[in-house]
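Topology and contacts: notes
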Amino acid sequence: MSQRLKTGGRLIDRSKELTFTFNHSRYKGYEGDTLASALLGAGKSLLGRSFKYHRARGLVASGVEEPNVLLNLGKGDRLEPDQRATTTELFNGAVASSQNHWPTLAFDVGAINDYAYRMLPAGFYYKTFMVSTWAWHKLFEPIVRQAAGLGAAPTKADADRYEQAYAYCDVLVAGGGVAGLMAALKAAAEGKRVLVAEQTAHWGGRAPVDGGEIDGMDPEAWVKKTLEALGKMDNVRLMTRTMVAGLHDHGYAILYERVADHTPGDGRPRHRLWRVRAGLTKVASGAIERPLAFAGNDVPGVMLASAVRDYIVNWAVSPGKEIVVVTNNDDAYRTALCALDAGQKVVAVIDAREMANGPLVQAVKERGVKVLEGHAISKVRGKSGVVAVEICRQNGTGSVEDVLGCDCVAMSGGWSPVVHLYSHSGGKVMWDEAGAMFRPDPARPPVGDKGQPIAEVVGSANGALTLTALCAEAGIAGGAEEEHPITPVWIMPAKAGNDLKFKSFLDFQNDVKVSDVQLAAREGYASVEHTKRYTTLGMATDQGKLSNINGLAVLSDALGQAIPQTGTTTFRPPYTPISFGAVTGEARGEIFQPLRKTPMHGWHEAHGVHWEPVGLWRRPYTYPRAGEGHRDSVNREIVNTRTNVGLLDASTLGKIVVKGPDAGKFLDMMYTNMMSTLPVGKCRYGLMCSDNGFLIDDGVVVRLAEDTWLCHTTSGGADHIHGHMEDWLQCEWWDWKVYTANLTEQYAQIAVVGPKARKLLEKLGGMDVSKEALPFMTFKEGELGGFPVRIYRISFSGELSYEIAVPANMGLALWEKLNEAGAEFSAMPYGTEALHVMRAEKGFIMIGDETDGTVIPQDLNLGWAISKKKEDFLGKRAQLRTHMADPDRWRLVGLETLDGTVLPDGVYAVDQGVNENNQRNVQGRVTSTYYSPMLKKGIAMGLVKHGPERMGEVLDFPADNGVVLQARIVDPVFYDKAGEKADV
Amino acid sequence: MRRYSIFAVAREALRYHSGWEKAWASPEPKKRYDVIIVGAGGHGLATAYYLGKVHGITNVAIIEKGWLGGGNTGRNTTIIRSNYLQDPSAAIYEKARSLYEELSADLNYNVMFSPRGLLMLAQSEHEMRGYKRTVYANNLQGVETRWIERDEVKSLVPILNIDGPRYPVLGALYQERGGTARHDAVAWGYARKCSAMGMDIIQNCEVTGVRTARGKVVGVNTTKGEIDCNKLAMVVAGHSSVLAEMAGFRLPIESAALQAWVSEPIKPTIDVVVMANLVHGYMSQSDKGELVIGGGTDGFNNYTQRGSWHHVEQTTRALVETFPVISRLKMLRQWGGIVDMTGDRSPILSKTPVEGIYVNCGWGTGGFKAIPGSGYAMAELVAKEYSPLAADFSLKRFKEGQFIDESVAAGVAH
Amino acid sequence: MSKAVSALNGQSHTGFATVTEAGLKGMVTLRADLDSKALAKGLKALGLKVPAQRAIVTEGARSVAWMSPDELLVLCGYEEAAQVTADLEQALAKEHALVTNVSDARAMFTVSGAKGDEVLMKLCPIDFETLEAGEMRRSRAAQVAAAVWRSGPEELSVICFRSVAGYMMGLLEVSSRKGGEIY
Amino acid sequence: MLTLTCPCCGVTVEETELAPGGEAHLKRFGPGSSDEEFETYMFARKNPKGVHFERWRHAYGCGKWFLTARCTATLEVFGSYPAQTTEPPAELIAKIKEKRPGWEGYK
Ligand SMILES: Cc1cc2nc3c(=O)[nH]c(=O)nc-3n(C[C@H](O)[C@H](O)[C@H](O)COP(=O)(O)OP(=O)(O)OC[C@H]3O[C@@H](n4cnc5c(N)ncnc54)[C@H](O)[C@@H]3O)c2cc1C
Ligand SMILES: NC(=O)c1ccc[n+]([C@@H]2O[C@H](COP(=O)([O-])OP(=O)(O)OC[C@H]3O[C@@H](n4cnc5c(N)ncnc54)[C@H](O)[C@@H]3O)[C@@H](O)[C@H]2O)c1
Ligand SMILES: Cc1cc2nc3c(=O)[nH]c(=O)nc-3n(C[C@H](O)[C@H](O)[C@H](O)COP(=O)(O)O)c2cc1C
Ligand SMILES: [Zn+2]
């Protein structure tokens with residue numbers, strides 16, 4: 001049984017006791033513990049259930065590679081599923097529970113799957129349940145889904161905040177082990193700007209646990225000294241609890257800083273996501289020990305040898321009292337020595353190598369520990385904890401020679417360099433036969449914007465596994481005991497039979513066994529990528545940190561090919577999982593996206609507005625009064641505007657000034673109309689097409705001066721159209737003398753609309769706004785009610801209308817003044833919906849309603865706005881293509897239901913028969929449809945085949961619930977057909 | 001080919017599954033084939049399958065530069081829907097969707113087609129009008145969709161933040177029989193059947209050249225030597241321009257990275273597929289339990305299968321806003337694929353300037369759902385020179401201006 | 001003119017740094033040939049000179065910033081912006097140039113305090129360690145365009161569009177909250 | 001996540017400050033051109049796996065368009081230059097040839 005040792009523990013502070021709960025029971029730990037070490041210290045070893053077979057699982061590892069012990073942490077709005085116990089720093093009051101079992105961890109019904117393991121090999125689902133989609137979806141899939149998944153999903157929104165930050169450096173060091181610190185020291189001494197990121201809360205990595213000597217000091221002392229030195233340098237930043245999650249193209253590294261995971265609720269952001277642009281990343285991410293694949297290697301109590309050592313040295317927790325070490329290399333002997341030093345019993349070291357006699361082996365032997373060379377574990381006995389191991393010859397089939405009682409197995413299959421970061425943006429790895437590992441190929445690094453390498457690897461991540469090799473690589477004196485070569489062992493014992501292979505786990509979390517990989521190979525899923533996807537090897541939350549190399553070695557073996565020929569699967573970010581909160585950063589709630597506000601935004605809000613999003617703006621849709629539905633208020637706003645006067649906040653309309661000797665020529669290219677001939681002081685409605693011929697925007701163009709025009713665009717289109725203009729100016733007609741500026745936000749714009757509009761402006765005074773002084777389709781600058789304004793006589797409603805532009809900082813004041821002064825004329829604000837209805841009553845098109853990216857001006861009977869005189873304009877050539885010149889195109893008409901009801905949005909007019917694909921033929925569709933409170937009936941516009949030539953014809957529009965509505969083709973101008981109201 | 005079934009699994013269990021045969025053979029290429037298909041993605045394999053099944057053409061090779069299914073077919077977010085607006089699109093996607101309904105039985109391979117329902121959220125008046133229009137169009141096209149109000153949306157997706165704060169959900173376009181399928185299984189299931197029909201799937205074999213004589217195709221050069229053919233179908237998605245270049249023509253295609261990512265697995269929390277197009281994010285939950293997420297495409301040409309990080313941020317933000325409960329879940333893995341974007345964002349199934357060469361590409365960000373329909377139509381086009389499902393997707397539309405533009409929302413509002 | 005109110009009317013928040021909307025500011029955009037003599041003369045009359053690439057030059061209460069190879073931004077008092085516009089227009093009357101008052105189209109903020117850089121480090125892809133006094137960087141703050149420069153000891157200034165002033169203040173406020181200190 | 005240098009500002013900026021604009025040096029065909037010419041201009045794209053000449057706008061900076069040569073297979077950037085050219089500069093072509101001996105040159 002695991003327990004806390006009386007002394008030791010380099011990372012814990014015994015004077016600071018912490019309490020926490022696990023599955024509702026209270027436990028104690030110390031500051032410096034991880035949840036894993038505290039649980040182990042409390043004697044808990046059964047801590048989870050596996051994904052598929054629900055087998056009992058305990059800790060295998062001590063760090064990020066832990067596949068088994070994922071817990072639900074916290075509760076309510078701080079609940080986090082799948083939290084790795086080994087990387088969770090213990091804090092007072094932590095609440096944790098185990099996952100993926102029912103009803104309890106100890107008694108889990110799902111474990112029945114374990115008995116049926118032979119029925120559930122890799123690929124089981126592909127071969128079964130294919131009778132019908134119905135049966136799969138309704139019967140089987142729900143069971144599969146319920147059984148899968150790990151932790152419970154949160155049900156409450158997150159209480160924490162997150163943030164992001166940018167940083168720049170010459171050298172990013174990923175990993176704060178001794179290799180990383182050496183690299184940092186070197187780069188810092190060269191004057192580079194250095195950033196060192198260490199994912200844990202501690203510096204030094206493995207070396208302080210593993211021992212040896214650096215620069216005449218023990219590693220712990222060297223680390224301390226080095227940190228002090230680095231800490232004093234201005235050009236170095238040291239960051240703990242910061243994981244380099246990904247190394248992206250051009251040296252863009254994503255770092256995940258767990259600022260307050262260990263101090264929840266202290267007001268600090270929980271995580272901070274760093275986006276670091278690094279000239280060079282020194283990957284010093286260490287190596288991860290590999291498990292050995294023997295039967296029962298997943299029973300709680302079987303652990304990585306290095307993890308056993310870590311628990312003893314770092315946290316004074318011994319995972320067992322009677323330990324069996326099983327290995328194929330010398331390093332695991334350190335675990336034996338360390339356990340002995342801690343007063344634990346080492347039952348035996350089982351070494352798969354035929355001969356083991358390096359200094360570490362000798363040291364162990366000298367302390368009286370039995371070393372069984374050429375041996376292997378055939379099987380682990382025990383279900384929810386190790387009871388004994390059956391011993392056999394490594395090169396046999398597993399016939400048991402001996403049974404050793406024990407409560408902990410420390411296994412080591414060798415080490416795999418952590419090559420993830422090197423690989424994320426294309427760096428390649430190579431197989432190192434001697435070390436039995438993939439390590440970075442320095443000849444094929446990931447490259448940056450200049451083709452230069454953006455990553456270099458140092459230390460054990462580079463395959464310099466031993467301290468001796470690592471120091472040699474860094475040019476620093478130091479080293480540790482000499483180690484004899486490893487002998488790769490992929491299956492234990494080598495000729496294990498089916499009964500063993502079906503219980504020898506490769507991927508612990510996903511329950512992938514040696515037999516599964518062999519099955520994949522047998523069935524032709526021979527690419528390592530196929531095997532991965534067929535078996536789910538390496539797809540669990542540890543992303544194969546423990547399983548990948550073993551798995552692909554087993555696959556290579558099954559295929560009879562060399563390991564490098566099999567290759568690895570692709571390493572993808574993040575290195576370890578990162579919270580979506582961190583990826584989101586500050587962008588939540590109010591600042592999820594920019595909200596663009598007009599100067600009158602606050603006023604609208606204070607006056608009960610119902611908003612409509614338009615791009616990043618919000619525009620008033622309508623201003624319902626108490627007791628009014630939206631439709632009522634829209635009707636009220638329309639009637640009032642058409643009978644009295646309405647006020648519209650039109651500030652969001654785009655306003656682009658275009659100036660220069662060639663501005664007229666330029667606008668003639670941009671618009672389908674002729675703009676160069678517009679007289680100064682006048683306004684003209686214009687259309688813009690893309691060079692592919694489609695209508696993209698419309699608006700009123702004003703000629704401010706001989707060489708200056710002001711182009712109004714749609715609200716959503718302002719930035720886009722400005723960009724579009726600059727694009728053509730900069731990239732096509734760069735010799736034309738034209739300047740543009742986007743003045744959209746310089747002005748608030750207010751439309752004063754309705755028969756009493758003039759009276760209202762006259763009341764404000766200061767400018768002659770009479771028909772004579774300011775005729776329709778002209779503009780004038782001056783002072784209105786003390787405000788500097790420019791007034792345009794343009795109308796989108798068919799009413800007498802003035803659009804008043806005023807400097808934005810005065811927009812609110814003018815708006816308030818107009819409302820106030822307008823009271824006697826029954827002035828009231830109206831929103832976009834009233835605007836839409838009124839323009840539809842007049843048959844005016846709306847970009848986005850009548851157009852959808854497939855419509856050309858000709859479809860909308862806007863041929864009059866397409867200049868015949870111009871040789872060229874954007875879209876002209878495109879509109880000559882056969883389909884665009886096709887007389888069968890659908891064209892704009894008005895539509896009126898026979899019974900006066902409102903046609904639904906988007907309905908189609910059907911035609912006879914069906915097309916080749918058996919779809920009902922159609923001959924038109926509704927583009928805009930409204931109830932007209934003026935006409936007291938439904939009105940609509942639509943695009944209809946040969947429409948304008950078919951006035952009076954009645955079309956069928958199948959609507960909801962089988963109802964077919966009938967509507968007559970009419971003139972799209974419904975209201976004031978003679979156009980007498982605007983030009984007054 | 002031995003049939004798969006629960007009984008077969010039980011029988012094999014008794015002998016430790018030692019008796020399974022290979023799902024597909026890995027032959028060396030023959031000297032010539034009636035039809036060579038380049039690209040063993042879903043579309044290439046489905047084309048081959050229907051060539052054999054419907055048209056009796058089985059002297060076919062499918063040549064794949066990597067591992068079959070390893071292109072976009074193996075890296076997409078598996079959304080299946082047919083709620084398209086324009087007739088030609090609705091026709092081919094609905095054909096595909098209806099074939100998906102039967103696919104597991106047809107292939108004797110469980111592709112786990114799961115019609116779990118698909119929602120496209122309307123979060124502005126403009127989107128709402130667009131989706132209502134789609135519903136009317138779909139009803140006439142034989143595609144079952146309906147408009148649902150916000151209450152029904154909420155009951156289908158309890159974790160949805162229906163009130164905004166930025167863009168309250170106004171309702172949704174709902175396709176009840178849209179859903180997902182197990183992407184790899186689609187490729188594997190087709191491959192197994194193609195192989196069983198005697199077709200050669202040649203993996204790890206890159207086409208490096210296209211040979212023509214007098215304007216007609218005669219064969220291809222590959223890393224495994226020259227192979228002759230009567231007809232050549234290029235079905236290589238992101239690499240279409242590269243293949244076209246070998247044959248001497250250009251396509252209206254640009255290749256860009258599209259990314260996806262998954263969370264760690266959790267117990268079932270969302271049963272339907274949700275697309276929130278206004279904020280650019282969509283999400284579903286796989287049978288394994290991870291949330292499968294995708295968003296926007298990079299704007300620049302790229303062949304690296306890696307995309308730019310800011311899209312990941314943007315889409316994750318959109319989804320955390322839409323589903324606030326996911327904020328404490330963790331991103332497990334992100335990856336990219338190279339999508340083939342056409343000038344009008346609709347696919348190309350077409351003859352080409354070279355006689356005997358056909359292209360099937362341009363599926364861009366949305367071709368997984370089309371695999372069976374596209375394969376069906378492409379097979380017909382290759383076998384009979386005409387397919388009603390493919391007719392409108394021909395290359396000539398770019399000359400004539402008859403685009404199939406699905407972006408109803410492309411026009412700006414107001 | 002008393003009717004004019006800046007986007008946030010001088011709102012301010014103090015966390016580990018102080019973020020303030022700077023109130024009404026005069027701003028004039030100038031597009032012209034930056035080598036033109038008339039331009040130099042026009043600026044000289046204002047006590048300013050043509051700034052070098054990416055530079056911002058301050059003389060008394062006025063500054064002028066380089067915006068692009070053919071664009072400058074003159075910063076001055078809000079009240080005098082109309083006059084400055086007119087004067088520059090006059091000075092450039094004979095040239096191909098565009099001078100326009102954009103005082104109302106923008107909002108300006110200051111971030112002050114010893115850790116002011118940390119506020120903007122969270123928002124802008126700018127290397128603040130190398131941002132010298134006298135340089136203006138046009139970039140991004142989270143999701144909107146922003147121009148940033150060191151406007152004083154322990155003070156940075158930020159300009160953005162007026163419509164997103166509220167968003168910018170939201171960003172600055174959240175990023176300067178106590179507990180969010182980086183170093 | 002790319003970094004590119006804006007030749008107008010002289011700063012090296014990240015992709016999020018830029019807007020991509022597709023293939024560079026397209027020749028516009030207007031009225032009077034053949035259907036083929038117009039289609040080529042509008043749609044046919046080289047889309048090479050390798051050296052690509054393309055347009056970018058320094059959207060969050062000076063607002064200017066510029067051009068770059070970039071490898072779409074490795075993302076290496078060979079250089080950037082002003083948009084006001086009809087062909088890539090000769091020095092840039094030479095530089096690319098040196099780095100990519102097999103490259104067939106600008107077509
Ligand atoms: C991240 C992402 C998410 C997506 N999400 C969805 C979704 O939710 N729903 C949906 O419907 N669609 C989605 N898609 C799109 C969908 O994945 C693709 O449209 C579809 O898979 C394309 O299939 P394919 O067979 O045409 O191409 P691929 O699967 O890419 O197959 C093409 C094959 O051609 C091979 N090839 C290329 N060049 C050569 C050569 N010279 N010689 C030999 N072989 C060659 C490639 O190796 C590849 O295997 C998504 C795509 C991505 C990248
Ligand atoms: N004898 C052997 O077989 C053997 C094998 C492996 C390691 N070792 C020992 O381990 C030590 C190796 O030193 P080292 O510095 O190369 O490795 P290390 O494992 O000591 O240090 C690596 C550090 O990087 C951190 N890290 C890893 N990935 C990270 C990421 N993405 N972001 C941030 N931090 C990350 C780890 O937390 C760790 O602290 C030596 O003492 C060596 O003797 C020995
Ligand atoms: C629908 C879907 C679900 C996935 N689920 C997982 C998963 O649970 N675990 C995992 O590691 N990868 C998962 N992946 C990602 C794959 O591991 C892989 O990254 C992806 O197929 C792209 O291939 P590549 O990374 O090898 O280039 C999933 C991919 C898809 C398309
Ligand atoms: Zn620039």
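The text that follows walks through the structure, step by step, so that each part is easy to find. (Residues numbered from 1 in each chain as written. Chains lettered and ligands numbered in written order. Predicted model: local features only at pLDDT ≥ 70, side-chain atom pairs only at ≥ 80, totals over all residues. Heavy atoms only, no water.)

Scanning chain D from N- to C-terminus turns up two helices and six strands. Going from the N terminus to the C terminus, chain D shows its helices and strands as β-β-β-α-β-β-β-α. Counting only C-alpha atoms, chain D reaches 40 × 35 × 25 Å along its principal axes. Per-residue burial over chain D gives 60% buried out of 107 residues. By sequence separation, contacts in chain D at least 24 residues apart represent 47% of the contacts at least 6 residues apart. Summed over its atoms, the accessible surface of chain D is roughly 4,000 Å², and 53% of this surface lies on carbon and sulfur atoms. Across chain D, the centroid of the 14 positively charged side chains sits 2 Å from that of the 14 negatively charged ones. (Helix = DSSP H or I, 4+ residues; strand = E, 2+ residues; numbered from the N terminus. Buried < 20%, exposed > 50% of the residue type's maximum accessible area, 1.4 Å probe, protein only. Contact = heavy atoms within 4.5 Å. Areas by Shrake-Rupley, 256 points an atom, 1.4 Å probe, with all protein chains shown as cover. Lys, Arg positive; Asp, Glu negative; His and termini not counted. Charge placed at Lys NZ, Arg CZ, Asp CG, Glu CD.)

Let us now look at the overall build of chain C. Within chain C one finds four helices and eleven strands. Whereas a compact globule of 183 residues would reach a radius of gyration of roughly 16 Å, chain C reaches 17 Å, a difference of no more than 12%. Here the C-alpha coordinates of chain C stretch approximately 55 × 40 × 30 Å along the principal axes. Across the 183 residues that make up chain C, the buried fraction comes to 60%. When contacts within chain C are restricted to residue pairs at least 6 apart in sequence, long-range pairs at least 24 apart make up 61% of them. Accessible surface, chain C: about 6,900 Å² in total, of which carbon and sulfur atoms supply 50%. Computing the positive centroid from 20 side-chain charges and the negative centroid from 22, chain C places the two 2 Å apart. (Rg over C-alpha atoms; globule rule 2.2 N^0.38 Å.)

Residues and elements named next belong to chain B. Mapped onto the secondary structure, S387 falls in the loop between helix 9 (371-384) and helix 10 (397-400). Overall, S387 belongs to the buried group, its relative accessible area being 1%. As for S387 and A191, which are separated by 196 residues in sequence, their C-alpha atoms are 23 Å apart. With residues up to four places along the chain from it excluded, the contact list for S387 reads A377, E380 and L381. A polar contact of 2.9 Å, which involves the side chain of S387, links it to the side chain of E380. (Polar contact = N/O pair within 3.5 Å; in protein donor to acceptor, adjacent residues only side chain to side chain.)

Before going further, it helps to spend a moment on the side chain of S547(A). Residues and elements named next belong to chain A. Tracing the chain through its elements places S547 in the loop between helix 14 (528-535) and helix 15 (548-559). Residue classification places S547 among the buried positions, given a relative accessible area of 1%. Among all residues touching S547, those that are not within four sequence positions of it are L506, D507, L537 and G538.

Okay, the site of ligand 3 next. Around ligand 3, the structure places 18 residues, and the nearest of them are K532(A), Q543(A), R572(A), E290(B) and R333(B). R75(B) places a polar side-chain atom, nitrogen or oxygen, 2.8 Å from an oxygen atom of ligand 3. Protein burial of ligand 3: of its 600 Å² of free accessible surface, 95% is covered by the chains. For the shell around ligand 3, the secondary structure elements donating two or more residues are helix 14 of chain A together with strand 16 (330-342) of chain B. For the shell around ligand 3, a count of residues per class yields four nonpolar, six polar and eight charged. (Near = heavy atom within 4 Å. Nonpolar A, V, L, I, M, F, W, Y, C, P; charged D, E, K, R; others polar.)

A few words on the pattern of salt bridges. All chains considered together, the criterion is met by 113 salt bridges over all chains. Across the pair R270(A) and E80(A) runs a salt bridge whose closest N-O atoms are separated by 2.5 Å. Remark: E80(A) occurs in strand 7 (residues 80-84) and R270(A) occurs in the loop between strand 14 (252-257) and strand 15 (271-283); sequence separation between them is 190 residues. Both residues of the pair, R270(A) and E80(A), count as buried. For R140(C), the salt bridge goes to E14(D), with nearest N and O atoms at 3.5 Å. With R140(C) in strand 9 (residues 136-141) and E14(D) in strand 2 (residues 12-14), the pair connects residues from two separate chains. Each member of the pair, R140(C) together with E14(D), is buried. (Salt bridge = Lys/Arg side-chain N within 4 Å of Asp/Glu carboxyl O.)

Turning next to the environment of Q314(B). Locating Q314(B) in the fold gives a position in helix 8 (residues 309-322). The spacing of Q314(B) and G295(B) is 19 residues in sequence and 8.1 Å in space, taken between C-alpha atoms.

What follows concerns the coordination of the zinc ion (ligand 4). Looking at the metal site, the zinc ion (ligand 4) is ligated by C6(D) (SG), C9(D) (SG), H58(D) (ND1) and C62(D) (SG), spaced 2.0 to 2.4 Å from it. Around the zinc ion (ligand 4) sit four donor atoms; with metal-centred angles ranging over 97 to 122°, the donor geometry is tetrahedral. (Donors = N, O, S within 2.8 Å, 3.2 Å for Na, K, Ca; no water. Tetrahedral: all angles 85-135°; square planar, octahedral: opposite > 155°, others 65-115°.)

This next bit is on the site of ligand 1. Residue and element names in this part refer to chain B. Every one of the 37 residues lining ligand 1 counts as a neighbour, but E64, N72, T73, T77 and K369 are closest to it. Between ligand 1 and T365, the relevant distance is 3.1 Å, taken from a nitrogen atom to a main-chain nitrogen or oxygen of the residue. The contact in question runs from an oxygen atom of ligand 1 to an N or O atom on the backbone of G366, over 3.0 Å. For ligand 1, whose unbound accessible area comes to 1,000 Å², protein coverage reaches 97%.

Another point: the sheet that holds strand 4 (residues 56-59) of chain C. Remark on secondary structure: sheet strands pair via backbone hydrogen bonds, oriented parallel or antiparallel. All names here are of chain C. Here five strands make up an open sheet; going across it, the order is 4-5-6-3-7 and the pairing antiparallel. Looking at the sheet topology across the chains shown, the edges are occupied by strand 4 and strand 7 (98-101). Each neighbouring strand pair of the sheet contributes to a mean axis angle of 15°, computed without reference to strand direction. Two elements, strand 5 (residues 62-68) and strand 6 (residues 71-76), share five bridges in a ladder whose sense is antiparallel. (Pairing = 2+ DSSP bridges. Axes fitted to C-alpha atoms, helices over the stretch in contact; angles between N-to-C directions.)

The next thing to look at is the nonpolar core. F294(A), I62(B), Y190(B), F323(B) and I326(B) are the most contacted members of the largest nonpolar core, which has 210 residues in total. If we ignore the near neighbours within four places in the chain, the residues touching Y190(B) are L45(B), A46(B), Y49(B), Y50(B), L103(B), L107(B), I371(B) and P372(B). Of all hydrophobic cores here, the second largest spans 61 residues; its members include Y33(B), A61(B), M234(B) and F29(D). (Core = buried A, V, L, I, M, F, W, Y, C linked by side-chain atoms within 4.5 Å.)

Turning our eyes to something else, we now look at the interface of chain D and chain C. Tallying the contact residues gives twelve residues for chain D and 16 residues for chain C. Surface buried jointly by chain D and chain C totals about 1,100 Å² across both partners, of which 49% is contributed by carbon and sulfur atoms. Of all residues in chain D, E17(D), Y60(D) and K64(D) give up the largest surface area on contact with chain C, accounting jointly for 42% of the area buried on that side. The tally of links between chain D and chain C comes to three salt bridges. Here chain D and chain C share nine residue pairs in polar contact (both at pLDDT 80 or more) between them. When the residues that make up the side of chain D that touches chain C are grouped by side-chain class, the tally is six nonpolar, three polar and three charged. (Buried area = accessible area lost by both parts, 1.4 Å probe.)

Time to look at the packing of aromatic side chains. Across all of its chains, the model carries 44 aromatic pairs over all chains by this definition. Ring centres of F124(A) and Y125(A) lie 5.2 Å apart, and the angle between their planes is 70°; this geometry places the pair in the edge-to-face category. Assessed through its relative accessible area of 8%, F124(A) is described here as buried. Exposure remark for Y125(A): the relative accessible area of 30% places this residue in the partly exposed category. Relative to W363(B), the ring of Y93(B) lies with its centre 5.7 Å away and its plane at 90°, an arrangement referred to as edge-to-face. With Y93(B) in helix 3 (residues 87-107) and W363(B) in the loop between strand 18 (357-361) and helix 9, this pair connects stretches of sequence that are 270 residues apart. Overall, W363(B) belongs to the buried group, its relative accessible area being 7%. Taken together, the ring pairs connect Y126(A), Y525(A), Y534(A), Y4(B), W20(B), W24(B), Y109(B) and W188(B) into an aromatic cluster. Directly above the ring of Y4(B) sits K127(A), whose terminal nitrogen or CZ lies 5.5 Å from the centroid. Positioned above the aromatic ring of W65(D) is the side chain of R55(D), whose terminal nitrogen or guanidinium carbon lies 4.0 Å from the ring centre. (Phe/Tyr/Trp six-rings, centres within 6.5 Å; stacked < 30°, edge-to-face > 60°. Lys NZ or Arg CZ within 6 Å of the ring centre and 35° of its normal.)

Once that is clear, we can look at the side chain of T128(A). Note that T128(A) resides in the loop between helix 2 (112-115) and helix 3 (133-147). Owing to a relative accessible area of 0%, T128(A) belongs among the buried residues under this scheme. Polar contacts involving the side chain of T128(A) include one to the main-chain carbonyl oxygen of F124(A), which spans 2.9 Å. Sequence-distant contacts of T128(A), that is, excluding residues within four places in its chain, are made with S5(B), I6(B), V9(B) and N110(B).

Residue and element names in this part refer to chain A. Taken residue by residue, helix 9 (residues 359-366) has L360, V361 and V364 as its buried positions. Buried residues of helix 9, viewed axially, fall in a sector of 100°; they line one side. At its buried positions, helix 9 is contacted by helix 8 (333-341), strand 20 (345-351) and strand 21 (370-373). (Arc of directions from axis to C-beta.)

Residue and element names in this part refer to chain C. Checked against the element boundaries, A107 lands in strand 8 (residues 106-112). The exposure class of A107 is buried, given its relative accessible area of 2%. Separated by 72 residues in the primary sequence, A107 and D35 place their C-alpha atoms 29 Å from one another. Every residue in contact with A107, bar those within four places of it in the chain, is listed here: A7, V158, I159, C160, F161, R162 and A165.

Read these as geometric descriptors, not functional statements.
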